[in-house]
Amino acid sequence: MAQHTRKGAQFQAVTANRLSDGIVVYLTADAGWSESLQDAAVAEGKEAAEALLAKAAPTVENNTVVEPYLFEVAREESGIRAASVRETIRQAGPTVRLDLGKQAELSGVHG
Amino acid sequence: MYRYDEFDQQIVNERVAQFRGQVARRLSGELTEDEFKPLRLMNGVYLQLHAYMLRVAIPYGTLSSRQLRMLAHLGRKYDRGYGHFTTRQNLQYNWPALKDMPDLLAELATVEMHAIQTSGNCIRNVTSDQYAGAAKAEIEDPRIISEVIRQWSTFHPEFSFLPRKFKIAVSGTPDDRAAIRVHDIGIQIVQDAKGNVGYEVYVGGGLGRTPMIGKKIGDFVPKEDLLAYLEAVMRVYNMYGRRDNIYKARIKILVHEIGAEEMKRQVEAEFAALKKEGALHLPLEEVARIEAYFRPPAFEELPNESTELNKAVLADSGFANWVKSNIAEHKVPGYAIVNISLKPIGGTPGDCSSDQMDAVADIAEKYSFDELRVTHEQNLTLAHVRKKDLHAVYEALKKHDLATANINLITDQIACPGLDYCALANARSIPIAQRISERFADIARQHEIGELKINNSGCINACGHHHVGHIGILGVDKKGVEYYQVTLGGAADEKTAIGEIVGPAFTEGEIVDAIEKIVNTYLGTRQDGERFIDTYRRVGIEPFKENLYAAH
Ligand code: HEM
Ligand code: SF4
């Protein structure tokens with residue numbers, strides 16, 4: 001599997017798939033989940049990242065999401081950006097069938 | 001076509017009810033994800049990058065129009081209006097919600113379909129020749145024993161927890177369109193001098209991380225012994241297959257490690273023991289019952305030549321191109337086999353919208369005895385069309401963007417979902433196939449190049465059969481960047497070969513040019529009448545290497 005994150009990544013966020021429908025979600029600062037990466041809580045440094053991931057645990061317990069994990073992001077003027085191709089595709093949909101779904105809604109992301 | 005009897009229908013209905021309970025318990029938290037995952041996989045439900053994915057079994061690739069209409073309906077109701085036909089003749093939905101899955105499967109069951117044996121370490125959905133019942137030189141319709149194997153293997157307790165998944169493919173003609181030599185078991189239907197039908201059995205083929213070509217261990221297994229023989233193979237595998245290492249668990253590794261001779265010896269010993277026990281003798285009445293479902297449809301007596309067809313070919317050059325590439329010879333005079341390409345220029349190989357499915361269902365109902373086939377090359381086939389109807393079929397297909405004339409040409413590529421959908425992927429495969437398709441869109445150029453199969457996979461699991469593409473493209477991940485490794489000389493037919501790596505991988509920006517260079521090297525080197533694969537076999541990889549990397 002392609003790497004989700006990189007050792008020594010400066011900024012990281014937490015993502016998972018929602019249990020009921022599998023949709024990609026991001027952990028927010030108040031330990032909720034949002035479909036938008038722009039709502040994600042971003043942790044700086046390893047310790048903060050681990051602490052952020054720990055916040056997700058109760059929502060696994062209560063069957064909101066499955067398999068949360070950390071991934072690398074960058075903070076840019078335009079907002080939060082996923083560092084890897086894989087996470088960019090999870091965020092903004094496939095790079096094909098651009099007429100549908102998130103690919104259509106977030107049409108700037110795949111460039 | 002095979003129709004469910006009361007037992008078939010009952011087990012499918014019971015399975016839906018059981019899964020409904022499991023989903024409810026998962027959603028309420030009674031089952032943890034770890035407990036639930038193997039259960040959902042047994043019902044064809046994966047979790048992919050964006051959503052759940054459901055893989056629907058299409059046994060040996062045969063569908064009725066009614067079933068295809070149901071698939072269209074499910075795509076609209078539970079998904080985003082399309083599905084993806086795969087190299088295993090299955091259909092995948094990319095976005096159904098887990099909570100809807102029981103309802104979806106219940107609707108599917110009303111047309112005698114399910115998602116059983118599409119995942120997990122069991123004997124998977126059996127695949128076969130899309131030309132079954134229509135091909136010239138067919139010894140026996142391969143769907144008959146495919147159906148026998150389906151009935152025998154479904155929920156067989158001994159084969160539900162194998163060391164790893166297990167794939168069986170059957171071919172009824174000497175021309176292999178089912179890639180039987182890259183399956184765990186490949187069955188070639190043969191006939192002896194007295195006209196008796198029997199089976200050649202190949203074992204230990206497979207793709208993935210360690211591609212292997214199957215070895216023939218059975219030369220002529222008589223019909224009534226087939227299940228006992230297969231059972232012997234499964235027992236040897238169950239006993240000695242590596243359960244300790246997922247990468248070594250497939251039967252291909254076992255066969256490779258002990259050798260084909262030893263495998264043959266073990267299977268024969270087990271087979272002899274089974275026969276002594278008096279176990280599984282395939283009841284020929286049961287075979288006859290199943291056979292009856294696959295009797296030829298009511299073909300008309302027609303002249304082999306059709307003046308309507310000949311006139312239309314002269315009048316319509318688009319149609320002429322389509323006839324040239326998409327039509328295959330039928331065993332009955334006056335009939336033809338129609339291949340429907342799911343590879344429009346720049347499209348996603350294997351994708352089909354619900355509207356297109358409905359259209360194909362209508363066309364199959366009107367012109368091809370109400371049934372159709374899915375091919376392992378991710379296309380559809382209408383097996384029995386009157387030649388005089390070909391132009392009408394073409395016109396009807398054209399209205400739905402289904403008349404692309406490219407079967408077996410360079411734009412008729414296989415591609416797995418890759419990183420656009422798949423959680424295991426290293427790189428995207430669909431966009432690469434699309435760029436190649438666009439580069440070679442010109443139909444005259446495609447015909448000039450001739451038969452050429454490009455297969456794309458997004459990771460080493462090889463769902464896109466890259467090892468056996470004449471040109472194979474494998475997506476790899478180098479420090480977060482997508483790269484593409486090219487192999488040449490693979491083939492999946494009766495001369496199966498695993499492609500050879502041509503050299504260092506290419507970037508996304510370079511790969512299409514690299515493919516074009518390979519094609520140009522072939523065009524500059526070929527002799528009269530040679531296909532790409534023939535030239536490759538004659539000259540080897542060197543000239544391709546030289547031209548590709550000379551400028552680097
Ligand atoms: C999208 C979810 C999919 C997942 C998670 C998946 C997973 C895998 C894995 C893990 C393997 C390697 C197994 C092994 O070598 O032991 C494999 C092989 C294979 N899969 Fe998939 N696959 C997926 C989709 C597909 C699709 C879309 C197709 C058809 C286009 C397909 C057809 C195959 C084939 C033909 C092989 C190689 C043949 C062999 O088993 O040796 N799979 N898949
Ligand atoms: S080859 Fe890899 S990327 Fe492609 S579908 Fe199979 S597992 Fe996914």
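Residues numbered from 1 in each chain as written. Chains lettered and ligands numbered in written order. Predicted model: local features only at pLDDT ≥ 70, side-chain atom pairs only at ≥ 80, totals over all residues. Heavy atoms only, no water.

Trainee: Any chance you could explain the interface of chain B and chain A here in plain terms?
Mentor: Put simply, an interface is often sized by how much accessible area is lost when its parts join up. Counting residues at the interface gives 34 residues for chain B, matched by 27 residues for chain A. Counting the surface lost from both chain B and chain A, the interface buries some 2,400 Å², and carbon and sulfur atoms represent 59% of this. Three residues stand out in chain B for area buried against chain A, namely Leu49, His50 and Arg80 of chain B, and they jointly supply 22% of the buried area on that side. Across the contact surface, chain B and chain A share 0 salt bridges. Our enumeration of links across chain B and chain A arrives at 9 residue pairs in polar contact (both at pLDDT 80 or more). (Contact = heavy atoms within 4.5 Å. Buried area = accessible area lost by both parts, 1.4 Å probe. Salt bridge = Lys/Arg side-chain N within 4 Å of Asp/Glu carboxyl O. Polar contact = N/O pair within 3.5 Å; in protein donor to acceptor, adjacent residues only side chain to side chain.)

Trainee: Quick question: what am I supposed to make of empty space enclosed by the protein here?
Mentor: Rolled over the atoms, a probe with the dimensions of a water molecule shows which regions are left empty. Enumeration over the complete set of coordinates arrives at 7 cavities of 30 Å³ or more. The volume enclosed by the largest cavity comes to roughly 150 Å³. A breakdown of the residues in the lining of the largest cavity according to their chemical character gives 7 nonpolar, 2 polar and 3 charged. As a volume, the second largest cavity reaches approximately 60 Å³. (1 Å grid on protein atoms, 1.4 Å probe; cavity = no way out; pocket = protein on both sides within 12 Å on 5 of 7 lines; lining within 4 Å. Points joined across faces, edges and corners; volume = space filled by probe spheres on them. Nonpolar A, V, L, I, M, F, W, Y, C, P; charged D, E, K, R; others polar.)

Trainee: Where do I start with the sheet that holds strand β13 (residues 351-353) of chain B in this structure?
Mentor: Sheets are built from strands that pair by backbone hydrogen bonding, the pairs being arranged parallel or antiparallel. All names here are of chain B. Reading across the sheet, the 5 strands line up as β1-β2-β5-β4-β13 and stay open at both edges, with antiparallel pairing between neighbours. Two strands close off the open sheet at either side, each with one partner strand: β1 (45-47) and β13. Averaged over all neighbouring strand pairs, the angle between strand axes comes to 30 degrees, with direction disregarded. Pairing geometry for strand β4 (residues 82-85) and strand β5 (residues 91-93), over 2 bridges, is antiparallel. (Pairing = 2+ DSSP bridges. Helix = DSSP H or I, 4+ residues; strand = E, 2+ residues; numbered from the N terminus. Axes fitted to C-alpha atoms, helices over the stretch in contact; angles between N-to-C directions.)

Trainee: Help me understand the packing of helix α6 (residues 226-240) of chain B against helix α8 (residues 260-277) of chain B in this model?
Mentor: Two packed helices can be described by the angle between their axes and the distance between those axes. Residue and element names in this part refer to chain B. Interaxial distance between α6 and α8 falls to 8 Å at its minimum, and their mutual angle equals 120 degrees. Classed by the angle they form, the pair α6 and α8 counts as oblique. Here the hand of the crossing between α6 and α8 comes out right-handed. On α8, the residues touching Ala228, Tyr229, Glu231, Ala232, Val233, Arg235, Val236, Met239 and Tyr240 of α6 are Met263, Gln266, Val267, Glu270, Phe271, Leu274 and Glu277. Along the lines of polarity and charge, the residues of the contact of α6 with α8 split into 11 nonpolar, 1 polar and 4 charged. (Parallel < 35°, antiparallel > 145°, perpendicular 65-115°, else oblique. Left-handed = near helix turned anticlockwise from the far one by under 90°.)

Trainee: Explain the domain arrangement of chain B to me, please; I cannot follow it from the model alone.
Mentor: Residues and elements named next belong to chain B. One can read the domain layout of chain B as domain 1 (6-109), domain 2 (134-293), domain 3 (307-398) and domain 4 (415-549). Computed over C-alpha atoms, the centres of domain 1 and domain 4 are 33 Å apart. Opposite the 10 residues of domain 1 that make contact, domain 4 presents 9 residues. Both sides of the domain 1 and domain 4 interface together cover about 740 Å² of buried area, and 54% of this is carbon and sulfur. Considering only the side of domain 1, the residues that lose the most area to domain 4 are Gln48, Leu49 and Thr87, jointly responsible for 56% of the buried surface there. Where domain 1 packs against domain 4, one counts 0 salt bridges. At the junction of domain 1 and domain 4, the tally comes to 4 residue pairs in polar contact (both at pLDDT 80 or more). Grouping the constituent residues of the side of domain 1 that touches domain 4 by class yields 4 nonpolar, 6 polar and no charged. (Domains from an automatic or database assignment.)

Trainee: Explain the packing of helix α3 (residues 65-78) of chain B against helix α12 (residues 354-367) of chain B here, please?
Mentor: All names here are of chain B. Contact geometry of α3 with α12 gives a least axis separation of 8 Å together with a crossing angle of 170 degrees. Viewed along their axes, α3 and α12 adopt a mutual orientation that is roughly antiparallel. Contacts between α3 and α12 involve Ser65, Leu68, Arg69, Leu71, Ala72, Gly75 and Arg76 on the former and, on the latter, Ser354, Asp355, Met357, Asp358, Val360, Ala361, Asp362, Ala364 and Glu365. In terms of residue class, the contact of α3 with α12 is built from 7 nonpolar, 3 polar and 6 charged.

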